[in-house]
2 protein chains.
Amino acid sequence: MAETGTRTPRERYRDQVRTEIKDHAREQIATAGASALSLNAIAKRMGMSGPALYRYFASRDDLITELVRDAYRSLADSFRTAAETGTDLPGLAHTLRAWALADPQRYFLVYGTPVPGYHAPDDITGIASEIMTTLLDACAAAGLSDGPATPFETHLGDHRDWAGDHPAPPESLHRALTFWTRLHGVLSLELAGHFTGMGFDPAELFASELAGLVEQRGE
Amino acid sequence: MAETGTRTPRERYRDQVRTEIKDHAREQIATAGASALSLNAIAKRMGMSGPALYRYFASRDDLITELVRDAYRSLADSFRTAAETGTDLPGLAHTLRAWALADPQRYFLVYGTPVPGYHAPDDITGIASEIMTTLLDACAAAGLSDGPATPFETHLGDHRDWAGDHPAPPESLHRALTFWTRLHGVLSLELAGHFTGMGFDPAELFASELAGLVEQRGE
DNA sequence: CGTGTTCGTTATAAGTTCTAACGCACGCTA
DNA sequence: TAGCGTGCGTTAGAACTTATAACGAACACG
């Protein structure tokens, strides 16, 4: 029989406590931001004393890194399941926007202000490239335009390390990048509240940018 | 005689110490991020003991708010002087990019991850609208395209609170917004290091997005 | 039913922000 | 020029934080 699935009671309890800690951490981050995350406060809310949490996470930074990993994992899963159900490029954009609006601070864990010295673990960059691959697949499936190659697309033809052995042509690489940067540009400013009080509907701006992306010609 | 310019020695000394504190704070933020800013560490580097800094800034948050205000002011000034010397839209984009690359953490003080509870003081939002006005002027001076109005532009025609009484037509408002969101999309991801290791040159992607913006049709 | 790993505790160190009280020194004014 | 008041820097201390160390108890496993 497969012994892998059966975990000892200790392991099951440990995982349960770890997820409970992360739940409280997420709630705290959503309320006051990641910089205000306090292990002590989490411990008190869980009814146990401070240092107990160090049995489950080596440090505060370790806990945050775990939350960042979960955030990447969550986005990658959302993208993957969307792609597996035959979602096209606009559908992927809608998936991204829904994922971002569901938990803004989770979005900023992935795409927010970086800490100068910090380098993400290798597995996290692996998840990031997994997200990129899903996006590339969708862009390759969306077809090509009829215009000539732009200067940046010829540049991409010579600098496509990030695409690995993906068969997508430079124009698809270009569209994947603009999909990423343009939608992130709208979403990050919207989530950061830079549009509040301006009157217009951010969803319409997002839709407008998306329309430009699928119509090949940008606008 | 105008007594306004003459300041007492106490005031001059106070301003000098304040700017010295902010210089150390900026250096510290550039090194380890805004969340790692420590008043104690600044005081020790300046050769004085911790609580002395509270004569100059009411709190740590007050110092950070001051740095945010300076960052906004710096960007607004860069935009204004660029506009006064007759800079067109691409020139404004270059000004923005140079300003961002000169000090990435300063960029993130303005456009980075927001703290959930925080609300910027009124004068900062005033500087933000000053930046927007300069951008709107440049977009209005760039002229109009020949195509029909997009759905979002008609939406903007009814929701132009943020433009105040600016005479720019909805298409110019639209271009100002896309100028903002698209260039921010590229810049923020570049400064956050999300392009490192991908092989292509972020400057070329920036130039590509800029080209799409000035050619009316987006791409 | 022992035995050993794991967990949670308290104590402690070193750091942080920030307030309070004290004293000195500087600059303005008489 | 002499004094007085304002402002500055100090130390002391409270209330936090992260993190380590040592201890004891509970639990699962052989």
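Residues numbered from 1 in each chain as written. Chains lettered and ligands numbered in written order. Predicted model: local features only at pLDDT ≥ 70, side-chain atom pairs only at ≥ 80, totals over all residues. Heavy atoms only, no water.

Undergrad: How should the domain arrangement of chain A be read in this particular structure?
TA: How big an interface is tends to be expressed through the accessible area that disappears when the partners come together. All names here are of chain A. Taken as a whole, chain A is organised into domain 1 (1-57) and domain 2 (62-214). Measuring from the centre of the C-alpha atoms in domain 1 to the corresponding centre in domain 2 gives 30 Å. The partner domain 2 presents seven residues to the 13 residues of domain 1 that form the contact. The junction of domain 1 with domain 2 conceals about 890 Å² of combined surface from both sides, 72% of it contributed by carbon and sulfur atoms. (Domains from an automatic or database assignment. Contact = heavy atoms within 4.5 Å. Buried area = accessible area lost by both parts, 1.4 Å probe.)

Undergrad: Honestly, the relation of the copies chain A and chain B in this entry has me stumped. Any pointers?
TA: Note on the chain copies: they are related by a rotation about an axis and a translation along it. When chain A is fitted to chain B, the residual RMSD is 0.0 Å, and the transformation amounts to a turn of 180 degrees plus an axial shift of 0.0 Å. Between the two chains, the operation in question is that of a two-fold axis. Both copies present the same face, since 98% of the interface residues in chain A are matched by interface residues at the equivalent positions in chain B. (Least-squares fit on C-alpha atoms with pLDDT ≥ 70 in both.)

Undergrad: Sorry, what's going on with the protein's contact with DNA strand C here?
TA: Taken together, 22 residues sit near DNA strand C, with A:Tyr13, A:Arg55, A:Tyr56, B:Leu39 and B:Arg60 positioned nearest. Each atom of DNA strand C within 4 Å of the protein was classed as base or backbone; sugar and phosphate made up 61%. A:Arg10 places a polar side-chain atom, nitrogen or oxygen, 3.4 Å from a base oxygen of DNA strand C. B:Tyr54 is positioned such that a nitrogen or oxygen atom in its side chain is 3.1 Å from a phosphate oxygen of DNA strand C. Counting residues per element, the ones that place at least two in the surface near DNA strand C are α1 (9-32) of chain A together with α1 (9-32) and α2 (39-45) of chain B. (Near = heavy atom within 4 Å. Polar contact = N/O pair within 3.5 Å; in protein donor to acceptor, adjacent residues only side chain to side chain. Helix = DSSP H or I, 4+ residues; strand = E, 2+ residues; numbered from the N terminus.)

Undergrad: I would appreciate a short explanation of the pattern of salt bridges in the present structure.
TA: Pairing between side chains of opposite charge can happen when their charged atoms approach one another. According to the stated counting rule, one finds 30 salt bridges over all chains in the structure shown. The residue B:Arg26 makes a salt bridge to B:Asp70 at a minimum N-O spacing of 3.7 Å. Taken together, the residues B:Arg26 in helix α1 and B:Asp70 in helix α3 (residues 60-84) connect sequence positions 44 residues apart. Accessibility expressed as a relative area gives 33% for B:Arg26, which makes it partly exposed. Ionic pairing is found between B:Glu190 and B:Arg97, a salt bridge with its closest N-O pair at 2.8 Å. A residue pair is termed long-range when its members are at least 10 positions apart, and B:Glu190 in helix α8 (residues 170-191) and B:Arg97 in helix α4 (residues 89-102) qualify at 93 residues. Given the relative accessible area of 15%, B:Glu190 is considered buried. Here B:Arg97 falls in the buried class, since its relative accessible area comes to 12%. What you see here is one network of salt bridges that share partners, running through A:Arg18, A:Lys22, A:Asp23, A:Arg26, A:Glu66, A:Arg69, A:Asp70 and A:Asp123. (Salt bridge = Lys/Arg side-chain N within 4 Å of Asp/Glu carboxyl O. Buried < 20%, exposed > 50% of the residue type's maximum accessible area, 1.4 Å probe, protein only.)

Undergrad: Can you walk me through the protein's contact with DNA strand D in this structure?
TA: Looking at DNA strand D, there are 21 residues lining it, with A:Leu39, A:Asn40, A:Tyr54, B:Arg55 and B:Tyr56 nearest. Restricting attention to atoms of DNA strand D within 4 Å of the protein, one finds that 61% of them are sugar or phosphate atoms. Within the contact set of DNA strand D, a phosphate oxygen lies 2.7 Å away from a backbone nitrogen or oxygen of A:Arg60. At a separation of 2.7 Å, a phosphate oxygen of DNA strand D approaches a polar side-chain atom of B:Tyr56. Elements supplying a minimum of two residues to the surface near DNA strand D: α1 and α2 (39-45) of chain A together with α1 of chain B.

Undergrad: I'm lost on the interface of chain A and chain B in this one. Help?
TA: Taken together, the contacts link 52 residues of chain A with 51 residues of chain B. Buried area between chain A and chain B, both sides added, is near 4,200 Å², and the carbon and sulfur share of it is 63%. On the surface where chain A and chain B come into contact, there are two salt bridges. At the level of secondary structure, the elements contributing two or more residues to the side of chain A that touches chain B comprise α1, α5 (104-111), α7 (151-158), α8 (170-191) and α9 (202-214) of chain A. Take the side of chain A that touches chain B: its biggest share by element is 12 residues, from α8(A). A class-by-class count of the residues in the side of chain A that touches chain B yields 24 nonpolar, 20 polar and eight charged. (Nonpolar A, V, L, I, M, F, W, Y, C, P; charged D, E, K, R; others polar.)

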